[in-house]
Amino acid sequence: QVQLVESGGGLVQPGGSLRLSCAGSGFTFSSYVMNWYRQAPEKGRELVAAISSGGGGTNYVDSVKGRFTISRDNAKNTVYLQMNSLKPEDTAVYYCNFRGARNYWGQGTQVTVSS
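About the criteria used
- By convention here, each chain's residues receive numbers from 1 onward along its written sequence.
- Residue-level local features of this predicted model are given only where pLDDT is at least 70; pairs of side-chain atoms are given and counted only at 80 or more, and the full residue set underlies all totals for whole chains, interfaces and linings.
- Hydrogens and water molecules were not included; the side-chain quantities draw on all heavy atoms of the structure.
- The term disulfide is used for any two cysteine sulfur atoms that are within 2.5 Å.
- Put simply, DSSP marks the helices as runs of H or I at least four residues long and the strands as runs of E at least two long, and each gets a number from the N terminus on.
- Each residue is assigned to one of three classes by its accessible area relative to the maximum for its type, calculated with a 1.4 Å probe on protein chains only: buried under 20%, partly exposed between the two thresholds, exposed over 50%.
- Put simply, two rings from Phe, Tyr or Trp (the six-membered ring, in Trp's case) pair if the centres are within 6.5 Å, and we call them stacked under 30 degrees between planes, edge-to-face over 60, tilted for the rest.
- In this analysis, strands are considered paired if DSSP registers two or more bridges between them.

1. Section: the state of the cysteines
Here is step 1: Going through the model one piece at a time under the given rule, you end up with 1 disulfide.
Here is step 2: Linked covalently through their sulfurs, Cys-22 and Cys-96 form a disulfide whose S-S length is 1.9 Å. Handedness of the Cys-22-Cys-96 disulfide follows from its S-S torsion of about 40°: it is right-handed. You can see Cys-22 sitting in strand 3 (residues 18–25) and its partner Cys-96 sitting in strand 9 (residues 92–99), a full 74 residues away along the chain.
Here is step 3: A relative accessible area of 0% places Cys-22 in the buried class.

Below is the structure:
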């Protein structure tokens, strides 16, 4: 069955960096646009970044442009989110996602930015 498994979250000080990973299985990973979403406490889920199936196209929400980089390795069925210059407002649960027959989601990984 389809699985998305995120990892790499944690506690980091403002200005620090983290790299999230999302490993996909049970589907043809290289055929799909992959997305990273986040959900902060008491807020809706927000699309943070997206990458085309081949990796040549990316999009970002304005609040992370210049700080976050999405990438993928189709040989490893993995999508990444490199997060630099982290701010307290980046604190959220981060989810990877793709839209196949329906929306598929991972279990999420917590990112906390705090001193």
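2. Concerning the packing of aromatic side chains
Here is step 1: Tallied over the entire structure, the rule returns 7 aromatic pairs.
Here is step 2: When the ring of Tyr-95 is compared with that of Trp-105, the centres are 6.3 Å apart and the planes differ by 85°; the resulting orientation is edge-to-face. Of this pair, Tyr-95 sits in strand 9 while Trp-105 sits in strand 10 (residues 103–105), placing them 10 residues apart in sequence.
Here is step 3: With 4.9 Å between their ring centres and 15° between their planes, Phe-98 and Tyr-104 make a pair best called stacked.
Here is step 4: On the accessibility criterion, Tyr-104 (16% relative accessible area) is buried.

3. With respect to the pairing of strand 1 (residues 3–7)
Here is step 1: Here strand 1 shows a buried face lined by Leu-4 and Glu-6 and an unburied face lined by Gln-3, Val-5 and Ser-7.
Here is step 2: Sheet topology places strand 1 next to strand 3; 5 bridges connect them, and they run antiparallel. Its bridge partner being in strand 3, Glu-6 is matched across the sheet by Cys-22.

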